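As a plain string of letters, each chain reads:
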Amino acid sequence: MKVLGVETSCDETSAAVVRDGVEILSNVISSQVALHRPYGGVVPELASRNHLQLIDTVIEQALAEARTSIDGIDVVAATYGPGLASSLLIGLNAAKGVAFATGKPFVGINHVEAHLYSPLLANAVPDALPTISLIVSGGHTILAHATAIGKHTILGQTVDDAAGEAFDKVAKLLGLGYPGGPEIEKRAEHGNPASIDFPRSMLHDESYNFSFSGLKTSVLYFLRKNPQHRVEDVCASFQEAVVDVLVGKIVRATIELGVNTVSASGGVSINRRFREKLGAECARRHLRLLLAPANLCTDNAAMIAALAYYKLPSGGQADFSLEVAPSIGLGAGELSCPHA
Ligand code: KG4
Ligand code: ZN
């Protein structure tokens, strides 16, 4: 079964064709990073206008790269939330239009849930469950226990800023470019991660929740008190504090829940220091680690198409009254159908 997926929840216009939930035939991603860079963050109005300009071409390109036409597609899927309302509207309505005009089934997909399962897709092991899964991006920091596709419990999440948001805000404090994660990572490579003892907020807290806003404030105070700081040391020490908390919570969850497989997805999971530390911990504890390549970690439509394949048999088909849901969370294992 071939699924055409569409994703426009934030600032990436993406369409993909995925066969049987794991075989990626195409995954076209048009990034708007350069468009938003001068503003230091995503400008919703610009994002939606750009999606509108590109969506047809991106869908056509995804079909062409998959060497198919719309006739060869069995199901059409799109992200319906969470994300920017004006961005979501473009992809969701384009996909609904394609499904309606061609009489294909339509599936609405929760973007965060798609992130959660993307490492399974990337490793072509959709049955590698249960997992302890971290979704760590610019908008989310969620630790989940997934027992089957569509069945997951949120163990904890950020109580304030997402980890990626902290990277972006600290980069701004340091006068670095947007998005902040890669900029900080680049400089951290030449810095000493032990030079500044930034707080590991909530690391030893009983819950699996995260907090990154205090860490950002600590960086701010440090910069004020130490105008002669080395940017590389600040970046390395900040990055180390974030990574320690993320890895620490994942490892504790595997022990407390007796789970042997770990996965991580979302933009921050690309971070090399994160991968290195998590990889070392997993190897030491004989845990299986599932990560995805960068183009499946950040926003992409392949993860939307893949998840739709698994949702369809269990009643995931939506009708055309499906609305965007900018603020939905990951949910606790419900199907993505908003009418469920
Ligand atoms: O998953 P994503 O592309 O978009 C959503 O937020 O859904 O994640 C973007 C976030 C940004 O905050 C960016 O700074 C961060 O991921 N990021 C990184 C790295 N690459 C991207 N953070 C740390 N290290 C990186 N290498
Ligand atoms: Zn995302």
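Cut-offs applied
- Residues numbered from 1 in each chain as written.
- Chains lettered and ligands numbered in written order.
- Predicted model: local features only at pLDDT ≥ 70, side-chain atom pairs only at ≥ 80, totals over all residues.
- Heavy atoms only, no water.
- Helix = DSSP H or I, 4+ residues; strand = E, 2+ residues; numbered from the N terminus.
- Rg over C-alpha atoms; globule rule 2.2 N^0.38 Å.
- Buried < 20%, exposed > 50% of the residue type's maximum accessible area, 1.4 Å probe, protein only.
- pLDDT = per-residue confidence, 0-100.
- Contact = heavy atoms within 4.5 Å.
- Pairing = 2+ DSSP bridges.
- Axes fitted to C-alpha atoms, helices over the stretch in contact; angles between N-to-C directions.
- Polar contact = N/O pair within 3.5 Å; in protein donor to acceptor, adjacent residues only side chain to side chain.
- Core = buried A, V, L, I, M, F, W, Y, C linked by side-chain atoms within 4.5 Å.
- Parallel < 35°, antiparallel > 145°, perpendicular 65-115°, else oblique.
- Left-handed = near helix turned anticlockwise from the far one by under 90°.
- Near = heavy atom within 4 Å.
- Areas by Shrake-Rupley, 256 points an atom, 1.4 Å probe, with all protein chains shown as cover.
- Nonpolar A, V, L, I, M, F, W, Y, C, P; charged D, E, K, R; others polar.
- Domains from an automatic or database assignment.
- Buried area = accessible area lost by both parts, 1.4 Å probe.

Novice: Explain the overall build of the protein chain here, please?
Specialist: Summing up its helical and strand segments, the protein chain has eleven helices and ten strands in all. Against the 2.2 N^0.38 benchmark of 20 Å for 340 residues, the protein chain shows a C-alpha radius of gyration of 20 Å, consistent with a compact globule. Its C-alpha atoms give the protein chain principal-axis dimensions of about 60 × 45 × 35 Å. Within the protein chain, the proportion of its 340 residues that are buried is 54%.

Novice: Would you take a moment to explain the confidence of the model for the protein chain for this structure?
Specialist: Low-pLDDT stretches of the model should not have their predicted coordinates read in fine detail. Predicted confidence across the protein chain gives a mean pLDDT of 94, with 97% of residues reaching 70 or more. Overall, residues 333-340 carries pLDDT values under 50, and its contacts beyond four positions in sequence, including any with other chains, amount to 23 contacts.

Novice: Please explain the environment of Val43 as it appears in this structure.
Specialist: Examined against the element boundaries, Val43 turns out to sit in the loop between helix H1 (33-36) and helix H2 (44-65). A relative accessible area of 25% places Val43 in the partly exposed class. In sequence terms Val43 and Ile24 are 19 residues apart; their C-alpha atoms lie 30 Å from each other.

Novice: Can you help me understand the sheet that holds strand S5 (residues 106-110) in this one?
Specialist: By way of backbone hydrogen bonds, the strands of a sheet pair with one another, either parallel or antiparallel. Across the sheet, which stays open at both edges, the five strands sit in the order S3-S2-S1-S4-S5 with mixed pairing between neighbours. A strand with exactly one partner marks an edge of an open sheet, and here the two such strands are strand S3 (23-31) and S5. When strand polarity is set aside, the average angle formed by the axes of neighbouring strands in this sheet is 20 degrees. As paired strands, strand S4 (residues 75-81) and S5 are joined by five bridges and run parallel to one another. Paired with Gly81 across the two strands is Asn110, which belongs to S5. Along the sheet face, helix H4 (residues 111-122) touches strand S1 (2-7), S3, S4 and S5 and points at about 90 degrees away from the line of S5.

Novice: Teacher, can you tell me more about the side chain of Glu12 here?
Specialist: Turning to its location among the elements, Glu12 is positioned in strand S2 (residues 12-19). Polar contacts involving the side chain of Glu12 include one to the side chain of Ser31, which spans 3.5 Å. Residues contacting Glu12, with those up to four places away along its chain left out, are Glu7, Ile29, Ser30, Ser31, His51 and Asp299.

Novice: What am I meant to see in the nonpolar core here?
Specialist: Across soluble globular proteins, you tend to see nonpolar side chains buried next to one another. In terms of nonpolar packing, the biggest core is built from 45 residues, with Leu134, Phe198, Phe238, Leu246 and Phe274 touching the most fellow members. Listing elements by their share of this core, those giving two or more residues are strand S6 (131-136), helix H5 (163-173), helix H6 (180-188), helix H7 (213-225), helix H8 (231-257), strand S9 (261-265) and helix H9 (272-284).

Novice: In this structure, what is going on with the packing of H6 against H8? I would like to understand it.
Specialist: Geometry of a packed helix pair, given as the angle between the helix axes and the separation of the axes. At a minimum axis separation of 7 Å, H6 and H8 run at an interaxial angle of 115 degrees. The pairing of H6 with H8 is recorded here as roughly perpendicular in orientation. Of the two possible hands of crossing, H6 and H8 adopt the one that is left-handed. Only Val231, Glu232, Cys235, Ala236, Phe238 and Gln239 of H8 make contact with H6, whose side of the interface consists of Ile184, Glu185, Arg187 and Ala188.

Novice: Would you mind showing me how to read the pairing of S4 here?
Specialist: Residues in a regular strand point their side chains to alternate faces of the sheet. Counting buried positions along S4 gives seven out of seven residues, so the element sits mostly inside the fold. Relative to S4, S1 runs parallel, the two sharing four bridges. Residue Gly5 lies in a different strand from S4, and its bridge partner there is Ala77.

Novice: I would appreciate a short explanation of the sheet that holds S9 in the present structure.
Specialist: If you walk across this open sheet you meet the five strands as S8-S7-S6-S9-S10, and the pairing is mixed. In the strand order of this sheet, the two ends are held by strand S8 (151-157) and strand S10 (288-291), each with one partner. Here the average twist between neighbouring strands, direction ignored, is 20 degrees. In the sheet, S9 pairs with S10 via four bridges, with the strands oriented parallel. Counted as the bridge partner of Thr261 is Arg288 from S10. Along the sheet, H4 makes contact with S6, strand S7 (141-148), S8, S9 and S10, crossing S9 at roughly 120 degrees.

Novice: Explain the site of ligand 1 to me, please; I cannot follow it from the model alone.
Specialist: Taken together, 20 residues lie near ligand 1, and Gly138, Asp168, Gly181, Glu185 and Gly267 sit nearest. Taking Gly181, its main chain carries an N or O atom lying 3.0 Å from an oxygen atom of ligand 1. For ligand 1, whose unbound accessible area comes to 560 Å², protein coverage reaches 88%. Those elements giving two or more residues to the shell around ligand 1 turn out to be H4, H5 and H6. Here the element with the most residues in the shell around ligand 1 is H6; it accounts for four residues. Considered class by class, the residues forming the shell around ligand 1 number five nonpolar, twelve polar and three charged.

Novice: It is not clear to me how the domain arrangement of the protein chain should be interpreted in this structure. Could you clarify?
Specialist: In many reports, interface size means the accessible area that the parts give up when they come together. Parsing the protein chain into structural domains produces domain 1 (2-115 + 296-314) and domain 2 (128-291). Just the C-alpha atoms count here: the centres of domain 1 and domain 2 sit 27 Å apart. Facing the 17 residues of domain 1 at the interface are 15 residues of domain 2. With both sides pooled, the region where domain 1 packs onto domain 2 buries about 1200 Å², and carbon together with sulfur makes up 72% of that total. A per-residue breakdown of the area domain 1 buries against domain 2 is headed by Val112, His115 and Cys297, which together make up 42% of the total.

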